[in-house]
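# Structure at a glance
One letter stands for each residue in the lines below.
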Amino acid sequence: MKPLSSRALLEHRAPFEHLERQVLERHIANPGDVARPLLDGLRYVINFAKLCFVRDQDGNDHDLRELLAPHAWRVREELSARLSPNEASLWAAARILPDLVAETRALRTKIVEHFVIDPERLNYEVTHRKLALVLGGGGGAGFGYAGIATSLHRNQVQPELICGTSMGALIGMFRARTRQHDQARMLEVNKSLSWSRVFSLGPEPSRYGLPATLRLHLRRALGAYMSHPDGRVLTIGEMQIPLHIVATGLTVDALKHDLGYYEHLLDDVVKPGLVFKATAMRRIGALATVAQELSQNQAALREVVFGRDPGTLDADVIDAAGFSASVPGLLHYDVHRDDQRMKHLLDQLYADYGITRLTEGGVVNNVPARVAFRSAMEGRIADGHRNTYVLAVDCFVPRPSSLMLYPIQQIAAANVVRNKPYANLYLPLSRTLSPVNLVPKVDDVARASRWAMKDLEPHMPLMLATLSPIQVLPA
């Protein structure tokens, strides 16, 4: 199969996503407008026309776009004309349905016979949507993501892919560990955290991560919760839900200063017991300058996706999340233990990408909806399923009221804009904990979770309708 263009695939599928959204919005507004078979017929025709790839029983992927192009164009034109803003009812669209259904059936038979594809597999691709959950970076503001996971669980929505950056990667790895949402486990982890377990000051060698004043010790803080019974930390490939974690690879050209500059940037304000107090906050401007220097040199940056990129499935999940969460100039994460397997993996990764250090994923992709979309189109969800619904949650939205953090939020927002089109629902959280509140109390996390659940609630009816299975068109 030819290399995929995410933009081309998005341009092909987006009109049909919009059509289905229009159909379901009208149905939600007026449930008795048309009978359920007509609603399912419209949705089946739309999702069939949207097909790009389908996997046969031997694991081979087939590109259907050229074969379906004339039909897809007709479906798009016919239904767009009948779902205009001036048309509140679905009956105008339903009247053209018999012709579209007949053409859909004929093409379905042709695909099954030509590509030797199991009819049940083809119908499942059309009639079922899988949720890809994207959790963006933003430090302590991301603790509300626990509420998103809880809300989805309560509505019986199971993520089939999780993509995260920074704090989104940390919350995401706990959700991806088991298919069943374990809210009690996340609460237990939160209760166990303390500054002394998560962070430390003092000299520390730098081999793989970008040096910084504050050292991040995730294995010490979280290792007991992300390990096998024998103590071995889980790898990304051992997550029960596929997990992709975004980090930023830095080439030599990305660094405007020597490593000592980044390591000692906040030495004069970050003190034991005084981390992120008022004096430290005054140096946020220095962090913004570092972030801006890195982000303005895109040619020297590499997007590294642990769990998707070659060789990274065997990476320890805590290491991947640690690199993704290591804020340039502030938080340093590294692999110091005697672990030849992980060090060999990183050495190979660095050679393949031509990078010298790994740092926070938000530098290149703070809300990685495009990663989720592309991963789905590459068939990385179970059985090569491509029909996904991407829910992208952003906890680090620029807020002018937050004067000190606003410059950094603006830098992150620049790459978020490029990701929004790949999300079926982009959800900016309206209320969050402070991004610098990295070890919040249990009550604070509970409050942030309630805020996030409240933000998601108005969107839940349409999302649930979109994720609801479609009745298969009879032969």
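Residues numbered from 1 in each chain as written. Predicted model: local features only at pLDDT ≥ 70, side-chain atom pairs only at ≥ 80, totals over all residues. Heavy atoms only, no water.

## Overview of the environment of Val364
You can see Val364 is positioned in the loop between strand E10 (357–359) and helix H17 (369–377). In this structure the C-alpha to C-alpha distance between Val364 and Glu263, which are 101 residues apart in sequence, comes to 21 Å. Look past the residues within four positions of Val364 in its chain and what remains in contact with it is Val246, Ala247, Thr248, Leu301, Glu303, Asn415 and Arg418. (Helix = DSSP H or I, 4+ residues; strand = E, 2+ residues; numbered from the N terminus. Contact = heavy atoms within 4.5 Å.)

## Examining the pairing of strand E3 (residues 130–135)
In terms of burial, E3 is a largely internal element, six of the six residues being buried. Side-chain alternation along E3 places Lys130, Ala132 and Val134 on one buried face and Leu131, Leu133 and Leu135 on a second face that is also buried. With six bridges connecting them, E3 and strand E11 (residues 388–394) associate as parallel partners. If you follow Leu135 over to E11, its bridge partner there is Val393. Where E3 and strand E4 (residues 159–165) come together, five bridges link them in parallel fashion. Bridge pairing in E4 links Leu131 to Pro159. On the question of chirality, the crossover connecting E3 to the parallel E4 by way of helix H7 (residues 145–154) is right-handed. (Buried < 20%, exposed > 50% of the residue type's maximum accessible area, 1.4 Å probe, protein only. Pairing = 2+ DSSP bridges. Right-handed = clockwise from strand over helix to strand, strands pointing away.)

## A closer look at the packing of helix H2 (residues 36–49) against helix H6 (residues 119–127)
H6 packs onto H2 with a crossing angle of 105° between their chain directions and a minimal axis gap of 8 Å. Comparing the axis directions of H2 and H6 gives the class roughly perpendicular. On the side of H2, the interface is formed by Tyr44, Asn47 and Phe48, while H6 contributes Asn123, Val126 and Thr127. (Axes fitted to C-alpha atoms, helices over the stretch in contact; angles between N-to-C directions. Parallel < 35°, antiparallel > 145°, perpendicular 65-115°, else oblique.)

## Digging into the nonpolar core
Core analysis: the biggest nonpolar cluster contains 121 residues, and Met173, Leu222, Phe306, Val317, Leu346, Leu358 and Leu391 have the highest contact counts within it. Top contributing element to this core by residue count: helix H8 (residues 167–176), with seven residues. In this structure Phe306 touches Ile236, Leu243, His244, Ile245, Ala247, Thr312, Ala315, Ala320, Leu346, Leu349 and Leu358, once residues within four positions along its chain are discounted. Ranked by size, the runner-up nonpolar core spans 37 residues in total, among them Leu24, Ala49, Ala72 and Ile96. (Core = buried A, V, L, I, M, F, W, Y, C linked by side-chain atoms within 4.5 Å.)

## What to know about the pattern of salt bridges
This structure, assessed with the given rule, holds 26 salt bridges. In this structure, Asp339 engages Arg337 in a salt bridge whose closest nitrogen and oxygen atoms are separated by 3.1 Å. Owing to a relative accessible area of 13%, Asp339 belongs among the buried residues under this scheme. The class for Arg337 is partly exposed, based on a relative accessible area of 21%. A salt bridge links Glu378 to Arg374, with the shortest nitrogen-to-oxygen separation between them at 3.1 Å. Of the residues examined, Arg374 reaches a relative accessible area of 21% and is grouped as partly exposed. A cluster of three or more residues bridged by salt bridges with shared partners is formed by Arg219, Asp316, Asp319, Arg337, Asp339 and Arg341. (Salt bridge = Lys/Arg side-chain N within 4 Å of Asp/Glu carboxyl O.)

## Let's talk about unusual backbone geometry
Excluding glycine, most residues fall at negative phi; most peptide bonds, likewise, are trans. Its identity is not glycine, yet Gln156 carries a phi of approximately 60°, on the positive side. Along the polypeptide, Gln156 turns up in the loop between H7 and E4. The class of Gln156 is exposed, set by a relative accessible area of 77%. Unusually for a residue other than glycine, Asp383 sits at a positive phi of about 65°. Locating Asp383 in the fold gives a position in the loop between H17 and E11.

## Here we look at the state of the cysteines
Simply put, the disulfide is a covalent bond whose two ends are the sulfur atoms of two cysteines. What the rule picks out here adds up to zero disulfides. Unpaired in terms of disulfides, Cys163 finds its nearest cysteine sulfur in Cys395, a separation of 16 Å. Note on Cys163: relative accessible area 0%, which makes it buried. (Disulfide = S-S within 2.5 Å.)

## Brief notes about the sheet that holds strand E5 (residues 199–200)
Here we have three strands laid out as an open sheet, ordered E5-E6-E9, and mixed in their pairing. Each of the sheet's edge strands pairs with one partner strand only, and the pair in question is E5 and strand E9 (329–332). Taken together, the three bridges between strand E6 (residues 212–216) and E9 define a ladder with parallel strand orientation. By the bridge assignment for E9, Leu214 is matched with Leu331.

## Here's the deal with the environment of Arg374
Along the polypeptide, Arg374 turns up in helix H17. Separated by 123 residues in sequence, Arg374 and Thr251 place their C-alpha atoms 24 Å apart. In this view, Arg374 contacts Leu4, Ser5, Ser6 and Arg308; residues no more than four positions away in its chain are not counted.

## Description of the packing of aromatic side chains
For any two aromatic rings, the description comes down to two numbers: the centre-to-centre distance and the angle of the planes. In the structure shown here, the tally under the stated rule is six aromatic pairs. Taken together, a centroid distance of 6.4 Å and an interplanar angle of 15° make the contact between Tyr44 and Phe48 stacked. Taken together, the positions of Tyr44 and Phe48, both in helix H2 and four residues apart, correspond to about one turn of that helix. Exposure remark for Tyr44: the relative accessible area of 0% places this residue in the buried category. In this structure, Arg207 packs its charged tip against the face of Tyr208, placed 4.3 Å from the ring centre. (Phe/Tyr/Trp six-rings, centres within 6.5 Å; stacked < 30°, edge-to-face > 60°. Lys NZ or Arg CZ within 6 Å of the ring centre and 35° of its normal.)

## As for H8
Extensive coverage of H8 is indicated by the burial of ten of its ten residues. Burial in H8 covers these residues: Met167, Gly168, Ala169, Leu170, Ile171, Gly172, Met173, Phe174, Arg175 and Ala176.

## Topic: H2
Helix length check: H2 (14 residues) gives 20 Å between terminal C-alpha atoms against 20 Å at 1.5 Å per residue, within 8%. The element H2 is extensively covered by neighbouring structure, given that eleven of its 14 residues are classed as buried. Within H2, the full set of buried residues consists of Leu39, Asp40, Gly41, Leu42, Arg43, Tyr44, Val45, Ile46, Asn47, Phe48 and Ala49. Against the buried residues of H2 lie helix H1 (6–29), helix H3 (65–82), helix H4 (91–95), helix H5 (97–115), H6 and helix H20 (460–467). (Expected span 1.5 Å × (residues − 1).)

Remember that the coordinates give geometry; whether it matters functionally is a separate question.
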